Every structure is written in C-alpha cells, then in structure tokens.
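# Structural features, examined
Residues per chain, in single letters:
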Amino acid sequence: MNTKRMRKAKIAIGSAYRLLHPMHTVLVSCVGKKGKPNIITLAWAMPTSINPPLVAISIAPRRHSHALIEETKEFVVNIPTMDILKETLFCGRASGRNHDKFKEASFTRLRGRKVKAPAIKECVAHIECKLHSQITTGDHTIFVGEIIEAYADKEAFKKEYDLKKAKMIFHLGGNDFATLAQKVFTPKLRTY
Ligand SMILES: Cc1cc2nc3c(=O)[nH]c(=O)nc-3n(C[C@H](O)[C@H](O)[C@H](O)COP(=O)(O)O)c2cc1C
C-alpha cells in the first residue's frame, strides 16, 4: 500500500469498531451455580494490567455467559487455533441457554486448576481468572479478571507463540476470520 496516496472514505459510526478488527478471538469458558459449563466466543478481549495481572473481556448482558460469570465470579480465557475454527464460530452463534456447547462442539473439559469452570482441552493456552471488577460500557459489560493461573502447550508457546505451530484465530467481522502468516523482523530503531 502506498501510504502517501491513500484516500479515506467515511465509515458509519456504528461500524467504526470494525476498524479495530481483526481482533484476536478467544473462547471463554464459565460455569453457573447449577454446574453446567458454557463457552462464549469473544473478539473483544485484552490484557489490561501486568501488576496486578488483569485481562478484560467485553460481554453483552443478554448473553447467557454474562449471567454465569456474575453468578460464580470466575472464567477461563482459552486460546483457540484454526484447527477448531468451525467450533469457535458455533460457540459464537449458539447460546448455552439451549445448547450444551462442550458436547455439541465435541470439546473436552479440562478441570480448572484454580477455578471451578473447566478449560477447553483443544485450545492451545488457558488463562484462569477470578472476577476483579466489572464496568457497564454502553450495551456491553467489561469483566476484568485477575489472572490466577495460566498454562500453554509446551511446543506452541515458549516466551511467545510459535506462529508455525499455533495458528491463532482473528475475527475480521461477521463470519470472516484471518490468521497471521508469519513473524516479521523488527526494523532497527535508534534508541529513544
Ligand atoms: C467471532 C465472534 C466474536 C464475538 N465476540 C463477542 C464479544 O466480544 N462480546 C459479546 O458479547 N459477544 C460476542 N460474540 C457473540 C457471542 O459469542 C454469541 O452471542 C454467543 O452465542 C453467546 O453465547 P451464550 O449465550 O451461551 O453466552 C461473538 C461471536 C463471534 C462469532
């Protein structure tokens, strides 16, 4: 792309959030007081503090998972790869109110190490969280989770992901997804 010759078109305000996509897509597993676990696909998730270690996920109040997280105040952020793209889309289209997503997606429950909610074995990495705080932001709630445990596939993650081994899912919008093609080598910068 020639960055000097770009011509910018107006984007409807309601669609402007799509300018921040593709977003790293995660599967959040949670469980209510009744004990039936659920999974929700989320594109709106991010780290938000190193010390204390916090992650934020944004969930609309009408989602079944919203009620479950408010009930038990914990959740697991699982990182899916392109190997389970179809299942990831399914968990983002069906509701746990009338589906058993673990069963229907043929996912294996991995007992949570520090939380009651199970992790998803078929995901490459897992971040277990206790609810730290929540903020209503318009038509979504930001749940801030304090990370109390984390684990990842030994081959796919050392200090960072090996992108040849773990092809993470990025949400472009609607039913469209992308993955990262390769690592780029940082251009040399003078020290600032
Ligand atoms: C790729 C993708 C990303 C999504 N991201 C979010 C999100 O960030 N926040 C949200 O509230 N819903 C998001 N959704 C929608 C929920 O995953 C969807 O409504 C789901 O069926 C809710 O499940 P539940 O009712 O069992 O909680 C996303 C869906 C897809 C397919």
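Just above, that's the structure.
Presented here is an overview of the structure given in this document. (Residues numbered from 1 in each chain as written. Predicted model: local features only at pLDDT ≥ 70, side-chain atom pairs only at ≥ 80, totals over all residues. Heavy atoms only, no water.)

## A closer look at the site of the ligand
In the region of the ligand, 23 residues are neighbours, and Thr41, Ser65, Ala94, Ser95 and Gly96 sit closest. Between the ligand and asparagine 38 there is a distance of 2.8 Å, counted from an oxygen atom to a side-chain nitrogen or oxygen. One of the backbone N or O atoms of alanine 94 is found 2.7 Å from an oxygen atom in the ligand. Protein burial of the ligand: of its 650 Å² of free accessible surface, 92% is covered by the chains. Among the secondary structure elements, those contributing two or more residues to the shell around the ligand are β3 (37-42), β5 (54-59), α1 (64-72) and α2 (85-91). Broken down by element, the shell around the ligand gets its largest block of residues, 4 residues, from β3. Of the residues in the shell around the ligand, the class split is 10 nonpolar, 10 polar and 3 charged. (Near = heavy atom within 4 Å. Polar contact = N/O pair within 3.5 Å; in protein donor to acceptor, adjacent residues only side chain to side chain. Areas by Shrake-Rupley, 256 points an atom, 1.4 Å probe, with all protein chains shown as cover. Helix = DSSP H or I, 4+ residues; strand = E, 2+ residues; numbered from the N terminus. Nonpolar A, V, L, I, M, F, W, Y, C, P; charged D, E, K, R; others polar.)

## Some details on the nonpolar core
Counting residues in hydrophobic clusters, the biggest one holds 23 residues, and the most contacted among them are Val28, Ile57, Ile69, Phe75 and Val77. Ignoring sequence-local partners within four residues, the contact set of isoleucine 57 consists of Val28, Leu42, Trp44, Ala45, Ile69, Phe75, Val77, Thr141, Ile142 and Phe143. (Core = buried A, V, L, I, M, F, W, Y, C linked by side-chain atoms within 4.5 Å. Buried < 20%, exposed > 50% of the residue type's maximum accessible area, 1.4 Å probe, protein only. Contact = heavy atoms within 4.5 Å.)

## Structural notes on the sheet that holds strand β9 (residues 125-137)
Within the open sheet, the 7 strands sit side by side as β3-β2-β6-β9-β10-β5-β4. Their pairing is antiparallel. Looking at which strands have only one partner, the edges of the open sheet turn out to be β3 and β4 (45-49). Taken pair by pair, the neighbouring strands of this sheet meet at an average axis angle of 35°, ignoring direction. Pairing of β9 with strand β10 (residues 140-152), which is carried by 12 bridges, proceeds in the antiparallel orientation. Opposite glutamine 134, over in β10, you have phenylalanine 143 as the bridge partner. Sitting on the sheet, α1 is in contact with β2 (26-31), β3, β5, β6 (74-79), β9 and β10, with an inclination near 55° to β2. (Pairing = 2+ DSSP bridges. Axes fitted to C-alpha atoms, helices over the stretch in contact; angles between N-to-C directions.)

## Considerations on the side chain of threonine 41
Along the chain, the position of threonine 41 falls in strand β3. Using a relative accessible area of 18% as the deciding quantity, one classes threonine 41 as buried. At 3.0 Å, the side chain of threonine 41 forms a polar contact with the backbone nitrogen of glycine 92. Setting aside residues up to four positions removed in sequence, threonine 41 forms contacts with Thr25, Val26, Leu27, Thr88, Cys91 and Gly92.

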